[in-house]
Amino acid sequence: MSIALEPSWLEILKDEFEKDYMIKLKAFLQQEKEAGYVIYPKSKDIFNAFAKTPFNDVKVVIIGQDPYHGANQAHGLSFSVQKGVAVPPSLQNIFKELQDEYPEYTIPKSGDLTHWAEQSVLMLNATLTVRANQAGSHQKKGWEIFTDKVIQEISNRKQNVVFLLWGKFAQAKSELIDPQKHHLLKAAHPSPFAAHNGFFGCDHFLEANVILEENGIEPIDWQIS
């Protein structure tokens, strides 16, 4: 497991890599590989969210649960898939909501959300790896401790970050965030099973940009080319 974190993140999180839970997590991932399991995303992409969005720049946080477990999908950004891969249903619904909020929005052909990450949207999954074709297979192995620490450090060290919390799992992370310092936008998950129960019509993308602009922060260009 590569841990070449972007410098501003490394400064904050370096001690985590020496803790017992992380040592056990590294050993678990090594055992998975030695047993012949395919792990997603590739090692170089596990910390992609941090590489694309330095700590000092974080404006918006989108919390997911697990990486995609299909071939060539996951690349370290929550809800995002690599170029050339079919857009998953939840992401299709995210694009539909964007088009509803911004009538001029063009539904992208690609599900690669790197453009958002490069504009300081931290696209954070709670679990950063998964066994191929086995959803949730790397949950409760230590990743959640690490990513909870990430959320807490953002809450403690920054102000006026917009957290997009979709679904009960993401909303449970609100206990890690100071609502006096940050902005928590909550809605149903964009999956086909839940989107009609409060994700569609949430206006989170518009609202996030309004909040950013009100605080003198450059808004996000949500359009993916």
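1. Structural notes on the nonpolar core
Counting 72 residues, the largest nonpolar core has W9, F50, W116, F146 and W222 as its most contacted members. Dropping the residues within four chain positions of it, F146 is found in contact with L13, E16, F17, Y21, M22, F47, F50 and L128.

2. Let's talk about the packing of aromatic side chains
Counted according to the given criterion, the structure contains 16 aromatic pairs. On the basis of an interplanar angle of 65° and a centroid distance of 6.0 Å, the ring pair of F50 and F146 is categorised as edge-to-face. Pair noted here: F50 is in helix α3 (residues 48-52) and F146 is in helix α6 (residues 143-157), with a separation of 96 residues, a long-range link. What makes F146 buried here is its relative accessible area of 0%. Following the ring pairs from residue to residue traces out a cluster consisting of W9, F17, F47, F50, F55, W143 and F146. The ring of Y37 is capped by R131, whose NZ or CZ atom sits 3.6 Å from the centre of that ring.

3. Overview of the side chain of H182
Looking at where H182 falls in the secondary structure, it is placed in the loop between α7 (167-172) and β6 (183-187). Residue classification places H182 among the buried positions, given a relative accessible area of 4%. Within the local environment of H182, its side chain forms a polar contact with the backbone oxygen of K158, the two atoms lying 3.1 Å apart. At a separation of 3.2 Å, a polar atom in the side chain of H182 contacts the main-chain amide nitrogen of V161. Beyond its immediate stretch of four places on either side in the chain, H182 contacts I154, S155, K158, Q159, N160, V161, F163 and I177.

4. Some words on the environment of S78
If you trace the backbone, S78 turns up in the loop between β2 (60-64) and α4 (89-101). Residues S78 and I62, spaced 16 residues apart in sequence, show a C-alpha to C-alpha distance of 7.2 Å. The residues touching S78, leaving out its near neighbours within four places in the chain, are I62, G64, L113, M123, L124 and N125. A polar atom in the side chain of S78 sits 3.3 Å from the backbone nitrogen of L124.

5. Describing α4
The terminal C-alpha atoms of α4, which comprises 13 residues, lie 19 Å apart, in line with the 18 Å expected from a rise of 1.5 Å per residue. Residues S90, L91, N93, I94, F95, E97, L98 and E101 constitute the buried set of α4. Looking at the packing, one finds that the buried side of α4 touches α5 (114-117), β5 (162-166) and α8 (204-214).

6. Looking at the sheet that holds β2
Hydrogen bonds between backbone groups are what pair the strands of a sheet, and the pairing can be parallel or antiparallel. In spatial order, the strands read β3-β2-β5-β6; together these four strands make up an open sheet with parallel pairing. The sheet is open, and its two edges are formed by β3 (121-125) and β6, each paired on a single side. Each adjacent strand pair in this sheet contributes to an overall mean axis angle of 20°, direction not counted. When β5 meets β6, the two strands line up parallel, connected through five bridges. Of the residues in β6, the one forming a bridge with F163 is L184. Against the sheet, α8 contacts β2, β5 and β6, and its axis sits at roughly 175° relative to β6.

The rules we used
- Residues numbered from 1 in each chain as written.
- Predicted model: local features only at pLDDT ≥ 70, side-chain atom pairs only at ≥ 80, totals over all residues.
- Heavy atoms only, no water.
- Core = buried A, V, L, I, M, F, W, Y, C linked by side-chain atoms within 4.5 Å.
- Buried < 20%, exposed > 50% of the residue type's maximum accessible area, 1.4 Å probe, protein only.
- Contact = heavy atoms within 4.5 Å.
- Phe/Tyr/Trp six-rings, centres within 6.5 Å; stacked < 30°, edge-to-face > 60°.
- Helix = DSSP H or I, 4+ residues; strand = E, 2+ residues; numbered from the N terminus.
- Lys NZ or Arg CZ within 6 Å of the ring centre and 35° of its normal.
- Polar contact = N/O pair within 3.5 Å; in protein donor to acceptor, adjacent residues only side chain to side chain.
- Expected span 1.5 Å × (residues − 1).
- Pairing = 2+ DSSP bridges.
- Axes fitted to C-alpha atoms, helices over the stretch in contact; angles between N-to-C directions.

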